[in-house]
Structures are given as structure tokens and as C-alpha cells.
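Read off the chains here:
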Amino acid sequence: MTKIYQNIIDLINSSNNILNSKLVQILVDVLPTGVVIANTEGKIIYANHEACSIFRDIKPGTKDPSEMGYTLLNMKGEEIPFEQLPLYRTLIDGTIYRNEEIFVKFSNGKERFISVSSCPLLDDNHYIVGALAGFYDITLSKVNEQKYIENEQTVKSLINGITEIMTLMDIEGKVLTANHAFAVKFGKNANAAAGYHIFDGMPPEIASNWRDKICALIKGKMPINFEDVWNGSILQHRLFPVINSQNKVTKIAAFSQDITESKRIQEAFRESEERFRSVFENAASGMALISLDGHYFMVNNSLIHMVGYTAEEFGNMTYHDFTHPDDIKLSDDNVRQLVNGEIKNFQIEKRYIHKKGNIVWVLLNVSVVKDSLGKPFYGIAQIQDITLSKEAQEELRQAKLDADQARAQAEKLAQTDYLTGLYNRGAFMNRLFEESSRMLKTDACMSVIMVDIDHFKRINDTHGHRMGDIVLQQFSTALKKGCRADDFVGRYGGEEFILCLPKTTMEQAYIIAERIRRTMENLAIPLPESDFYMYVTASFGVASVKIINERCAERLIDYSDRALYQAKQNGRNRVEAYSGFSASL
């Protein structure tokens, strides 16, 4: 807690009654942090303006968050009982709790992430007379954190998909990560590139130029484009600063592209239109010359093959005519910036619609050719068909989705009894121990009901195992319907079933067991391929206990089993409650 909060706590602790000082109330109410105060009974007696803003109208005297129209969950999505909240734990043990994160779901569907701290309020004798909790709304930071993770995964996929050489380095030129194109160009494995110094192997004059550009980028905090000639290749480089929250450049993203062939084509075009046409028409990638209004006045054979239209048809078309409707705005925005001189070129991924109707994914690079006055004259487009790459990405995504679904199904099957769909014995016991751990040191009772179908062997022997399976399935369905929302049921073994009833007394559990017994007694189970029905009965053993240690759950199983045995001894089709132990063990 900050010093100002500590001063406020000292002011509160120095008062005879909580918040009897007007100065304290004013200080607390103007804080940008939500503050609530509870008395020793756990009831809220004060909430400042920010707390009411975060949690809507907090009503004095309330204790359980559900009374105020919202649900509190931990970061695993599990609901938090109000007695486990920091404020109420502080009232119990006097401990200061700091920065515990809580997820709040309001009744209107809205959600918030809250950071909570709490501390005790003491009288002159250092007895706890209340507790104070401070709240920070951290929803925005949590949302941004998730977006950051998603963006990191997206960027990682895009980096390895681009054809440009991409390098992320620190400001000293040491490579942090690089893409596949880097490995191809420089003969280094992309995964092993980390730690490689970008200046290693550079001619001295090129290395010096790079250092100058990096220094200029760090100083100006603006992207820098430049070209150099290396081993006979003309490389075009684009350096982008990565700026931290202190407005300092901490990393540099470099995009490099071998433009030697592009330069040669431009020079050939200036020297001879025919020579340019030869290169243009035989390029492996699609190419086109486009007027400023979007019409094609020259296309090459690769582009014709790519989208299926003839050169004559292209002459009467704009890119709008065969661009996917969802990608038209993206194209228009980039073209507008290019024509207005806001950008020198652009590269986007988009979809064309083939003349036959199929989708063609392309990587489109467009630059503008200017006239002698420096005004845009026409655009030149280079188009690469990346459909196979996109399909492979989609197949990979679907394969991962299928694998995740298969894993989830396998986990479910590992916990489920295949015949009845209930928890199997192992899964039930795990859930039972989890539930008992949550109920430690509470006043609530936990109850267990052990159930056994009467004379089940006689059903198998008389009607066959198929009928036995039907009985088990319909019996388990009726058991589930007889449970409450927080109860859970499992198949303990054979024709034995077990129910756990959290926060339920012996008397309540007995009533529930008796209700289920009557339901089972009147349950009509149709015989296969027959107009007749079978009726079965069951015996029930009930045990209940206050959970005070880890052994209580095991004892509940033992005691309910003993009660079940007593029910069978007393004639079956009855409920017996175990009474051979103290209510609190």
C-alpha cells in the first residue's frame, strides 16, 4: 500500500469509531481507488465514490456479493465464496493481503478485472474492529495483455510468411530473431540467427552506413529507408524503431528485399520499351501496369493465368471487378495513400476471385511510377500467388483445433464412466477431496449418499446384461435429475452410486435421499422389444460431517457405506443415516 493509504489507515485506527472523522471520510472519498470498510461481522459499513462506481451501488449492511448483483471469480474462472475474499480473510486472521486479482461478473453481463488489497483496522488495544479493502480496476490492462499475446502469435506467423528478409535486432545490431528469408539470403539457420551481429561479414563501408542509419533512427525515432549494394545485389532496407513506454528506441525491425532484378527491369524500361516488355511478360510472378483510376493497361501472362481473364478483358476492368468484396476497402485505402504520395509503395495480402469463381490468395506489391515533374503517372504491381501457403496455414490451424478437441475429449473420457456418463470413481474422489478442501474451517456440513440398486444380479441373470445396462443408464439419469445444482454424482462401482451434497446437513441429505428413493421406486423402465416395464428399488446410506481435516472425506465414504449396509440389512428399499459418530467428528 502507498504511504497515503497507510496514513488514512492510521487516521482510522486512531479514531474511536470507524470513519467517525469527517477528514478521514473526505480523504477516502476523493481517492481514485475504490475503498470499502467492513465491521467485524463482515458487513459493509462504508464505500467511497470509486468503490460504488466499480461495483455499482454498494448497499451498507450487505455481506455476500451475490446480494449486490454480481459474482466474484478467481483467475481460473472458479467462483470465490465471500468468506474467501481478502476483506473477510483479514477480519479472520488480521493479515494484510495485497494485489489479489478477482474477476467480477455483473448481472447485466458486463465483466471487470479487479486488483484487491486489504488490511485490518485496530483499536487502541490492537483488537480488530473492522477491515479496509482497496480496489483497482485493471480490466484495461488485462484486456491489453490478452491482445498482446494474440498479437505476438500473429506477428510470429506473419514474419515467417513474408518474402522479405526480416530481422529484429537490438540497438547494437545484435539479432534477436529473423525469418526464413534471412536464413536463405545469409546462409544461417533462422533459429540460430539470434546472437548473430548484423555487421558481421559486411564490407566496412556498408557496415559504416548501417551504423549511421541506426544512429539516425534512434535519434529521430522515425522509419528509415535506404539501399545498398552487397555482393553484387541491390538490397532495399526499411528500418522501423521499436519504442518503449519511456519513448526510447529499444529494438529495430529491419525489412530487406533484394531489388536487383526490379532495378534492372526499371533501367531496361527506360532504355527500351521492348526489352522491358520481354522481361515483364515472362516474369514468374504476375505483373501489371495500372492507371491511376485503377484500369489495367498492361498485364503479363502469369497474371492472366493466375485469375483467368484475357488481356483484352483486363483492359476493360479495374481491380474492383475481381477483388474479393471484403478486401476492396483495404486496396482502396492503400491506393489512395500511394497516389497522394503518403507512401512510396505498399504490400498487402488479398483475395482475387478467379474467372471460374475460385478464390486466389495473392501477395500484392504496388509502387508508383512518377513523371518528370514528380507526379504519379501509373502504378506497377507485382502479384505472387500464395494460395497454397494460405491453404497450408488453414490446414495447420484446423489440425491444431482438431488436436485440441481430441485432447479435451480424451480428458473428459478419462473422468467419465463410459456407460452412465457420470463421474467414474477416481474422478468423483478427486472432486470430493477438492470440495472438502474448500470447506475446511467453515461451519457448513458436507453430506454423502451411497446408493445400491437392490437385487441387481437378479436382473442380469433373468433379463441379461443388456437389460442390466439399460437399468444402470436410466437409474443414473434419474439420480442426476434428483441432484441440486451444486451436488455431483458418480458411479462408485457395479450397481453402486455415490452422491456428494456440499453445504448440506444430515437432515437435508436424508430428505433428498428419501425423495430420490421414492422416485426410483416408481421409475418405469421399458423392457426392450416389449410392452412391459420393469421397476427397481434401491437402498441408500447417508452420512454427514463438518469438514475439519483431510481425513473427513474418507470417513464420509466409510460412514455412508456402513449406513448403506444397514439399509440392506433392514430390508432394502430404504434410507438409513449413519449415527455412530459425533456431528463434528
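Preceding this paragraph is the structure being described.
Residues numbered from 1 in each chain as written. Predicted model: local features only at pLDDT ≥ 70, side-chain atom pairs only at ≥ 80, totals over all residues. Heavy atoms only, no water.

Engineer: With reference to specific residues and values, describe the nonpolar core.
Structural biologist: Side chains of a nonpolar character, in soluble globular proteins, are inclined to be buried together. The biggest cluster of nonpolar side chains holds 34 residues, and the ones touching the most others in it are Val471, Phe475, Leu499 and Phe540. Counting only elements with at least two residues in this core, the list comes to β17 (445–453), α15 (456–463), α16 (465–482), β19 (496–501), α17 (506–521) and β22 (538–546). Sorting elements by how many residues they give to this core places α16 first, with seven residues. Beyond its immediate chain neighbours, meaning those up to four positions away, Val471 contacts Ile453, Phe456, Ile459, Ile525, Met534 and Val536. Counting 24 residues, the second-largest nonpolar core is a separate cluster that includes Ile214, Phe226, Val249 and Ile252. (Core = buried A, V, L, I, M, F, W, Y, C linked by side-chain atoms within 4.5 Å. Buried < 20%, exposed > 50% of the residue type's maximum accessible area, 1.4 Å probe, protein only. Helix = DSSP H or I, 4+ residues; strand = E, 2+ residues; numbered from the N terminus. Contact = heavy atoms within 4.5 Å.)

Engineer: Describe in detail the sheet that holds strand β7 (residues 165–170), supporting the description with residues and values.
Structural biologist: Reading across the sheet, the five strands line up as β8-β7-β11-β10-β9 and stay open at both edges, with antiparallel pairing between neighbours. Looking at strand neighbours, the two that pair on one side only are β8 (175–178) and β9 (224–230), the edges of this open sheet. Each strand axis lies, on average, 25° off the axis of its neighbour in the sheet, ignoring direction. Bridge count for β9 against strand β10 (residues 233–243) is seven bridges, and the pairing is antiparallel. When the sheet's bridge partners are listed, Val229 is paired in β10 with Ile234. (Pairing = 2+ DSSP bridges. Axes fitted to C-alpha atoms, helices over the stretch in contact; angles between N-to-C directions.)

Engineer: Give a description of the pattern of salt bridges that names residues and reports values.
Structural biologist: Summed over the entire model, instances satisfying the criterion amount to 21 salt bridges. Note that Glu342 is salt-bridged to Arg336, the shortest N-O span being 3.7 Å. Residue classification places Glu342 among the partly exposed positions, given a relative accessible area of 48%. Between Arg517 and Glu514 there is a salt bridge; the shortest N-O distance is 2.7 Å. One end of the pair, Arg517, and the other, Glu514, are both in helix α17, three residues apart, so they sit about a helical turn from each other. Accessibility expressed as a relative area gives 11% for Arg517, which makes it buried. A residue is classified by how much of its surface remains accessible, and Glu514, at 17% relative accessible area, is buried. Several salt bridges converge on common partners, so that one network encompasses Glu514, Arg517, Arg518 and Glu521. (Salt bridge = Lys/Arg side-chain N within 4 Å of Asp/Glu carboxyl O.)

Engineer: Summarise the packing of α15 against α16; cite the residues concerned and give the values.
Structural biologist: Working note: a packed helix pair is described by the angle between its axes plus the distance between those axes. At a minimum axis distance of 7 Å, the contact between α15 and α16 shows a crossing angle of 140°. Comparing the axis directions of α15 and α16 gives the class oblique. Counting all contacts with α15, which are made through Phe456, Ile459, Asn460 and His463, the residues of α16 involved are His465, Met467, Gly468, Val471 and Leu472. The residue inventory of the contact of α15 with α16, partitioned by class, reads five nonpolar, four polar and no charged. (Parallel < 35°, antiparallel > 145°, perpendicular 65-115°, else oblique. Nonpolar A, V, L, I, M, F, W, Y, C, P; charged D, E, K, R; others polar.)

Engineer: Describe the environment of Leu338, and please don't skip the residues or the numbers.
Structural biologist: Relative to the assigned elements, Leu338 resides in helix α12 (residues 328–339). In sequence terms Leu338 and Leu292 are 46 residues apart; their C-alpha atoms lie 9.8 Å from each other. Leave out the neighbours within four places in its chain, and Leu338 touches Ile343, Lys344, Asn345, Phe346, Val366, Ser367 and Val368.

Engineer: Provide a residue-level description of the pairing of strand β14 (residues 345–353), including the pertinent values.
Structural biologist: By the bridge criterion, nine bridges tie β14 to strand β15 (residues 359–370) in an arrangement that is antiparallel. In the sheet register, Arg351 faces β15, and the bridge partner there is Trp361. Following β14, the chain reverses through five residues before pairing antiparallel with β15; Gly357 in that reversal takes a positive phi of roughly 105°.

Engineer: I'd like to hear about the packing of aromatic side chains, residue by residue, with values.
Structural biologist: The description of an aromatic ring pair rests on the distance of the ring centres and on the angle between the ring planes. A full pass over the atoms with the stated rule returns 15 aromatic pairs. Ring centres of Phe475 and Phe497 lie 5.3 Å apart, and the angle between their planes is 40°; this geometry places the pair in the tilted category. Here Phe475, found in helix α16, pairs with Phe497, found in strand β19; they are 22 residues apart in sequence, far enough to count as distant. When its relative accessible area of 0% is taken as the criterion, Phe475 is described as buried. Of the residues examined, Phe497 reaches a relative accessible area of 0% and is grouped as buried. A network of ring pairs unites the aromatic residues Tyr296, Tyr309, Phe314, Phe322 and Tyr352 as a single cluster. The cationic tip of Arg211 hangs over the ring face of Phe199; the distance from NZ or CZ to the ring centre is 4.1 Å. The side chain of Arg431 reaches across the aromatic face of Phe488, ending 4.1 Å from its centre. (Phe/Tyr/Trp six-rings, centres within 6.5 Å; stacked < 30°, edge-to-face > 60°. Lys NZ or Arg CZ within 6 Å of the ring centre and 35° of its normal.)

Engineer: With reference to specific residues and values, describe unusual backbone geometry.
Structural biologist: Even without being glycine, Asn99 reaches a positive phi, approximately 55°. The residue Asn99 is located in strand β4 (residues 97–106) in this model. For Asn573, which is not glycine, the phi dihedral falls at a positive 50°. In this structure, Asn573 sits in the loop between α18 (551–569) and β23 (575–577).

Engineer: Now, about the side chain of Asp327: what can you tell me, with residues and values included?
Structural biologist: In this fold, Asp327 is placed in the loop between α11 (311–315) and α12. The contact partners of Asp327, leaving out residues within four places of it in the chain, are Lys350 and Arg351.

Engineer: Which residues make up helix α9 (residues 273–281), and what are the values?
Structural biologist: All of the buried residues along α9 are Phe276, Val279 and Phe280. In a view along the axis of α9, the buried residues occupy a sector of 100°, so they form one face of it. (Arc of directions from axis to C-beta.)

Just geometry here; none of it tells us what the structure is for.
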